[in-house]
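The residues making up each chain are set out below.
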Amino acid sequence: MDQKTSVLLILTGGTISMGEDPATGALAPLDKERMLSHLPELGLLPVNISVVAFDPMIDSSDVDTDFWKQIAESIRDRYDEFDGFVILHGTDTMAYSASAVSFMLRHLAKPVIFTGSQLPLGFLRSDAKENVLNAIEIAAAKDASGRPMVPEVAIFFENALMRGNRTTKKSTDNFDAFYSYNYPDLAKSGVHIKYEPHVIHYEDGSKPLAVNTRMDNNVVVFTLFPGIREEVVESLLNVPGLRAIILRTFGAGNAPRAEWLYNVLKSATDRGIVIVNISQCLTGTVSMGRYETSLHLQRAGVLSGFDMTLETAVTKLMHLLGNYSNHEDIVKRLQMPLCGEVTI
Ligand code: ASP
């Protein structure tokens, strides 16, 4: 690692920053100093590390759109000072946050690496140290010409570096808690960290970082299941102010052929509501029109979400709704990759 490389470590909370409350036994965030006392190794790394902590640090189940804005702004405000950024974050909603931040930071030319842990830093068997030290090494890594190895928003966990907006939390228990189902890993760590430059996105450097934190959370996620009732769907589609629906369908994007379902979906798209078809399967893509059971969705104006993760579909819609009022502008951008989040 380059001696002069500098990394900003942003502490936002999560299990990694927690300790047991002696009164209740429940895990709750520690303060910055107590947390860092468990990481004396930071001083041994050949990287200049500065640390900032959110106040308060939170369990990531409490994350909202303002929190994503705060992360993006922390990077924007100190972008020129550092070669890379590491965000310590709770695992529960890390995939949502990494996806949201990837849409907020356009023309990103430096690494922004999210990580966390399944056990707190202070626990003997914790996975925290390994995750933090690897994430810092990746955020500081440069190639022979001095170019950052991974100028992307990514998640490092256990032994894999994954594109943030392709990642899903898959386990409450295992140390390899995240997986990128539809896109190859950007790097693997073992004795060495092995980067895969052919799947990493590199900006040409002609445009400066542009930070856009506008988001509109008038979206809903709705999962189909056999036997679903018309009244339930109807009431969901008529929530006042609703602008977009993520419809979690079966298999390759299929749904019951019931006439009432077509009618309620069609009446929603006629009112300008954007409906995106995402599969309940984790691997593979939505392919509307492949089966008869998706033709009526197409006719009702439902759009394919292709192979987007749920986390990406939610945050991409919030981002697009926050920035565009024109239906065509939203639909066009929804169906093209903005930062490597979808394969079309
Ligand atoms: N509840 C914790 C959080 O997401 C879980 C974790 O960090 O692993 O903040």
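Each remark here, short or long, concerns the structure printed above.
In what follows, the accompanying structure is described. Quick caveat: nothing in here was measured; it's all calculated off a predicted structure. (Residues numbered from 1 in each chain as written. Predicted model: local features only at pLDDT ≥ 70, side-chain atom pairs only at ≥ 80, totals over all residues. Heavy atoms only, no water.)

## Focus on the overall build of the protein
We count it as follows: Numbering of helices and strands runs from the N terminus, with a helix taken as a DSSP run of H or I at least four residues long and a strand as a DSSP run of E at least two residues long. Put simply, the radius of gyration uses C-alpha atoms, and a globule should come to 2.2 Å times the residue count raised to 0.38. When accessible area is computed with a 1.4 Å probe and restricted to protein chains, residues below 20% of their type maximum are described as buried, those above 50% as exposed, and intermediate ones as partly exposed. Two residues qualify as a contact provided that any one of their heavy atoms is within 4.5 Å of a heavy atom in the partner residue.
Within the protein, the regular secondary structure consists of nine helices and 18 strands. Taking 344 residues into account, the globule formula puts the C-alpha radius of gyration at 20 Å, and the protein, at 21 Å, falls close to it. Buried positions account for 50% of the 344 residues belonging to the protein. Considering only contacts in the protein between residues 6 or more positions apart, those separated by 24 or more positions represent 74%.

## So, the nonpolar core
Applicable threshold: By nonpolar core we mean a set of buried residues, namely Ala, Val, Leu, Ile, Met, Phe, Trp, Tyr and Cys, connected to one another through side-chain atoms within 4.5 Å.
Core analysis: the largest hydrophobic core is formed by 51 residues, its most contacted members being I75, V112 and F114. Other than its neighbours up to four places away in sequence, F114 contacts I71, I87, H89, M94, S97, A98, V101, V153, A154, I155 and F156. Formed by 33 residues, the second largest nonpolar core is a distinct cluster that contains V7, V47, V132 and I193.

## Side note on helix α8 (residues 310–323)
Convention followed: Multiplying one less than the number of residues by 1.5 Å gives the expected span of a helix.
With 14 residues, α8 extends 20 Å between its outermost C-alpha atoms, agreeing within 8% with the 20 Å of an ideal straight helix rising 1.5 Å per residue. Taking burial as the measure, the 14 residues of α8 include twelve buried ones, the bulk of the element. Within the sequence span of α8, burial applies to E311, T312, A313, V314, T315, K316, L317, M318, H319, L320, L321 and N323.

## Focus: a negative patch on the surface
Applicable threshold: Residues enter a patch when their relative accessible area is above 30% and they make no salt bridge; the linking distance is 9 Å between like charges and 5 Å between nonpolar side chains (Val, Leu, Ile, Met, Phe, Trp, Tyr). The method behind every accessible area is Shrake-Rupley, applied with a 1.4 Å probe, and residues are considered shielded solely by the protein chains displayed. Each salt bridge in this description consists of a side-chain nitrogen of Lys or Arg and a carboxyl oxygen of Asp or Glu lying within 4 Å of one another. The charge count treats Lys and Arg as positive and Asp and Glu as negative. His and the chain ends do not count. By convention, charge coordinates are those of NZ in Lys, CZ in Arg, CG in Asp, or CD in Glu.
Taken together, D59, D62, D64 and D66 make up a surface patch of like negative charges. For D59, the location among the structural elements is in the loop between β4 (48–58) and α2 (65–77).

## Some details on the pairing of strand β8 (residues 153–157)
The test is simple: When DSSP finds at least two bridges between two strands, those strands are taken to pair.
The buried fraction of β8 amounts to five of the five residues, a majority that puts the element mostly inside the structure. Burial of the side chains of β8 extends over both faces: V153, I155 and F157 are buried on one face and A154 and F156 on the other. Both strand β7 (residues 112–115) and β8 contribute to a ladder of three bridges, which runs parallel. In the sheet register, V112 faces β8, and the bridge partner there is V153. As consecutive antiparallel partners, β8 and strand β9 (residues 160–163) are separated by two residues, and within that stretch E158 has a phi angle of approximately 60 degrees, a positive value.

## A few points about the sheet that holds strand β13 (residues 193–195)
By way of backbone hydrogen bonds, the strands of a sheet pair with one another, either parallel or antiparallel. Put simply, the rule is: Here an axis means a line fitted to C-alpha atoms, over the contact stretch when the element is a helix, while the angle between two N-to-C directions is reported on a 0 to 180 degree scale.
Across the sheet, eight strands lie side by side as β4-β1-β5-β7-β8-β9-β12-β13; this open sheet has mixed pairing. Two strands close off the open sheet at either side, each with one partner strand: β4 and β13. Across the sheet, the axes of successive neighbouring strands diverge by a mean angle of 20 degrees, strand direction being ignored. Examined bridge by bridge, strand β12 (residues 187–189) and β13 share three bridges and lie antiparallel to one another. Counted as the bridge partner of K188 is K194 from β13. Sheet strands in contact with helix α3 (residues 94–104) are β7 and β8, and its direction is about 155 degrees off that of β8.

## Observations concerning the packing of α8 against helix α9 (residues 327–334)
The criterion, for reference: The labels follow the angle: roughly parallel below 35 degrees, roughly antiparallel above 145, roughly perpendicular from 65 to 115, and oblique for the rest. Should the near helix be turned anticlockwise from the far one by less than a right angle, the crossing is termed left-handed; should it be turned clockwise, right-handed. Ten residues, namely Ala, Val, Leu, Ile, Met, Phe, Trp, Tyr, Cys and Pro, are considered nonpolar, four, namely Asp, Glu, Lys and Arg, are considered charged, and the remaining ones, Gly among them, are considered polar.
For the pair α8 and α9, the least separation of the axes is 10 Å and the interaxial angle reads 150 degrees. In this view, α8 runs roughly antiparallel relative to α9, as classed from their interaxial angle. Here α8 runs over α9; the crossing is right-handed. On the side of α8, the interface is formed by K316, L317, L320 and L321, while α9 contributes I330, R333 and L334. Among the residues making up the contact of α8 with α9, the classes are represented as five nonpolar, no polar and two charged.

Note that every value here comes from positions in space, so none of it alone points to a role or purpose.
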